[in-house]
Amino acid sequence: MRTNTGSRSPGTALLCRKLPTVTLANGRRTISLKSLFTPSPPQDVTHGVASKKQRIILDSNNLFHRLTKSPIKEMREKGLLIQDHGSCGTCVDKTTAKGKVATREPTFECPNCGYPTHCSEEHWTQDRSHHEELCRHLREANEDEHDLRSGRTLREFEFPSAQLAEVVVNLSSWDSFLYTRSFTNITSDRAMRHVSKVLTYPVTIGAVLHQYSPFTLGAGLTPEGLKSMTALRTTIKEHDLARSDKELAMRQTPLRVFVLGARAEAMLPPHLYLQLAYLLPNSPIHVCFIGPEAIPAVDEMRSTIVVSSRLVLKYHKSYFHDAIWNFAPFDPFTDVFFMFSPGIGHPKARDGWLPTVEKLLETKCAVFATGFHEQDMDTDINVLEKDFGDKMDWLLKPQKNPFGSLKRDFGIRNLREWAISNWGIYGFRGKRYEVQKK
């Protein structure tokens, strides 16, 4: 044994908490989860039909509204924000002779998606790409956001508790996972989008570590990746055996999951990470959120949260390369790193990530990272290969993540810029040099 120093879960009531406003904009690689945890204000019913006691102001057949005419105050404010700071898609396509973008504010709201997309009806008519590609996704986002604030009870956020030992979880897709984990309250595609946006973080971690992971040799996992995953799963197997061996149970070493550059994933209500614990039911798990924005929800002041007897969340508001000695030594059998859409290749973030990646490679532990979309992921991978190509081994080839969010998020400044949390995934590790006899 290696050593190292180092019924239903709560439902909508606990999910409905306010988070700091986080927006996707140029220069900032963040996605807002506020809409998923902010309840509709009961007093905002001037355009609705419900009383304060009933609270339901929109029914399922009345979810589409132009943003600036929405019955929900927060949506009206969002529409005005886009009009003030956004750009007209057609204007962006038209540049001056000097190459500068000549754009005007998008004061015209598309009648099909409800978003302020263009400066005039004429420019809206001319924008073929909007009609053919973007509009349906914006309408879906419009209706989803109104649904979350409709005042209804969000039953889909009432999650199942621990799995029966004889029931096997299928991790091939969201559909199979939700079915085999008995998420019985998810009865529509919209509900799946809502839930996938928050569960993408714990379930992606669980899908990588689980013995029935969809990432296998021949399906993206490399021979080096198999070595790293075998080491981690050996520890998980020891945790399983410790159930019937008291001596082994006393010598258990927790599985440490480090989430670097943590942002939205650190702000999730702690009980959501129980879904990770349920996938590894016998393993003690310590999830360490590390980064300058690694803070829990605004009403949570603790830096360590004991969620259950086997799950502990820790928050460290610092850079990993500065705080590394708080966690050393590292063991590839018990420690694994995740970076959710880190933006390693982003011009404004590259220099900041350089010392962290250097320290990561020194640990020789498995590292898994995600991207908002294919281009975002390719940018990060190209930088890693350029800066560290001779110091690293690839563990998981870049591929689409079966547990990426099903919901698209759009930039306020440019609605053509979209992101999907954890759309793709890849893995790497510091190169391990083997001694060879001559």
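Predicted, not measured: the structure shown is a model, and the values here were computed from it.

Visitor: Just give me the short version of the pattern of salt bridges, but keep the residues and values in it.
Guide: As a working rule, side chains carrying opposite charge can pair if their charged atoms are close by. Across all of its chains, the model carries 21 salt bridges by this definition. When the shortest N-O distance is used, the salt bridge between E74 and R149 registers 3.2 Å. Residue E74 is located in helix α3 (residues 73–85), and its partner R149 is located in the loop between α6 (128–148) and α7 (174–180); the two are separated by 75 residues in the primary sequence. The exposure class of E74 is partly exposed, given its relative accessible area of 25%. Of the charged contacts, one joins K407 and D144 as a salt bridge, the two residues approaching to 3.5 Å between their closest N and O atoms. With K407 in the loop between β9 (392–400) and β10 (409–410) and D144 in helix α6, this residue pair connects regions lying 263 residues apart in the sequence. Exposure remark for K407: the relative accessible area of 4% places this residue in the buried category.

Visitor: Run through the environment of A419, naming residues and quoting values.
Guide: Take A419: it is sitting in strand β11 (residues 418–419). Here A419 falls in the buried class, since its relative accessible area comes to 1%. A sequence separation of 43 residues divides A419 from D376, and the C-alpha atoms of the two residues are 9.2 Å apart.

Visitor: Run through the packing of aromatic side chains, naming residues and quoting values.
Guide: Scanning all chains against the criterion turns up 21 aromatic pairs. Seen from their ring centres, F157 and F159 are 6.2 Å apart, and the 55 degrees between their planes marks the pair as tilted. As far as the burial class goes, F157 and F159 line up, both buried. With 4.9 Å between their ring centres and 20 degrees between their planes, F258 and F337 make a pair best called stacked. With F258 in strand β3 (residues 255–260) and F337 in strand β7 (residues 335–339), this residue pair connects regions lying 79 residues apart in the sequence. Overall, the relative accessible area of 0% leaves F337 in the buried class.

Criteria and thresholds
Residues numbered from 1 in each chain as written. Predicted model: local features only at pLDDT ≥ 70, side-chain atom pairs only at ≥ 80, totals over all residues. Heavy atoms only, no water. Salt bridge = Lys/Arg side-chain N within 4 Å of Asp/Glu carboxyl O. Helix = DSSP H or I, 4+ residues; strand = E, 2+ residues; numbered from the N terminus. Buried < 20%, exposed > 50% of the residue type's maximum accessible area, 1.4 Å probe, protein only. Phe/Tyr/Trp six-rings, centres within 6.5 Å; stacked < 30°, edge-to-face > 60°.

Remember that the coordinates give geometry; whether it matters functionally is a separate question.
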